[in-house]
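# Topology and contacts: notes
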Amino acid sequence: MERDRRARWMKHWLLGTTSIQTGEVFTRTEPILYVSHDADDGLWQLIGASDADPAMGKLSHLHHAVEHDLTLLDVLDLKPGESVYRTGPDEPWTNERSVQSPSGEG
């Protein structure tokens, strides 16, 4: 996987890794600005600029998001409990040490 970052995408495709996305990220009306890999249940959270309302979250396979945002290839090696964020879709991902969603939950 270290030789070809696409191998991480293939792993998640094969495993059917689940993610929860804000409605805006799911419909692709907002870019993904925050990604976390939850320590407690292994779920991946994909959040855009809008507040993350758990009641409006959409479950989807992680590989679908990667197909639409190839920059996610760079963060698929997040370990449980890690997260990254960026200020815009063309900006680099920045690591965070502890999982904390933009809404303060996590």
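Here the structure is shown first, and the text comes after it.
Procedures and definitions
- Residues numbered from 1 in each chain as written.
- Predicted model: local features only at pLDDT ≥ 70, side-chain atom pairs only at ≥ 80, totals over all residues.
- Heavy atoms only, no water.
- Salt bridge = Lys/Arg side-chain N within 4 Å of Asp/Glu carboxyl O.
- Helix = DSSP H or I, 4+ residues; strand = E, 2+ residues; numbered from the N terminus.
- Buried < 20%, exposed > 50% of the residue type's maximum accessible area, 1.4 Å probe, protein only.
- 1 Å grid on protein atoms, 1.4 Å probe; cavity = no way out; pocket = protein on both sides within 12 Å on 5 of 7 lines; lining within 4 Å.
- Points joined across faces, edges and corners; volume = space filled by probe spheres on them.
- Nonpolar A, V, L, I, M, F, W, Y, C, P; charged D, E, K, R; others polar.
- Pairing = 2+ DSSP bridges.
- Axes fitted to C-alpha atoms, helices over the stretch in contact; angles between N-to-C directions.

## So, the pattern of salt bridges
Following the criterion strictly, the structure yields one salt bridge and no others. The salt bridge involving R86 is made with D69; its shortest N-O contact spans 2.7 Å. Pair noted here: R86 is in the loop between β5 (83-85) and β6 (94-96) and D69 is in the loop between α3 (62-68) and β5, with a separation of 17 residues, a long-range link. Accessibility classification places R86 together with D69 in one group, the buried group.

## Looking at the layout of surface pockets
In this structure, the second largest pocket occupies an estimated 280 Å³ of space. What lines the second largest pocket is a set of 15 residues, and nearest its centre among them are V25, R28, I32, A65 and H68. Going through the elements one at a time, α2 (23-26) and α3 are the ones with two or more residues in the lining of the second largest pocket. Considering each element in turn, the lining of the second largest pocket owes the most residues, three residues, to α3. When its residues are assigned to classes, the lining of the second largest pocket shows six nonpolar, five polar and four charged.

## Topic: the environment of E67
Relative to the assigned elements, E67 resides in helix α3. On the accessibility criterion, E67 (42% relative accessible area) is partly exposed. The sequence separation of E67 and W9 amounts to 58 residues, and the corresponding C-alpha distance is 8.9 Å.

## Quick word on the sheet that holds strand β1 (residues 18-21)
Read across the open sheet, the six strands follow the order β4-β1-β3-β2-β5-β6; overall the sheet is mixed. Of all the strands in the sheet, the pair left with one neighbour each is β4 (58-61) and β6. The sheet shows a mean angle of 25° between the axes of neighbouring strands, direction not considered. Bridge analysis of β1 against β4 gives four bridges, and the strand direction is antiparallel. If you follow I20 over to β4, its bridge partner there is L59.

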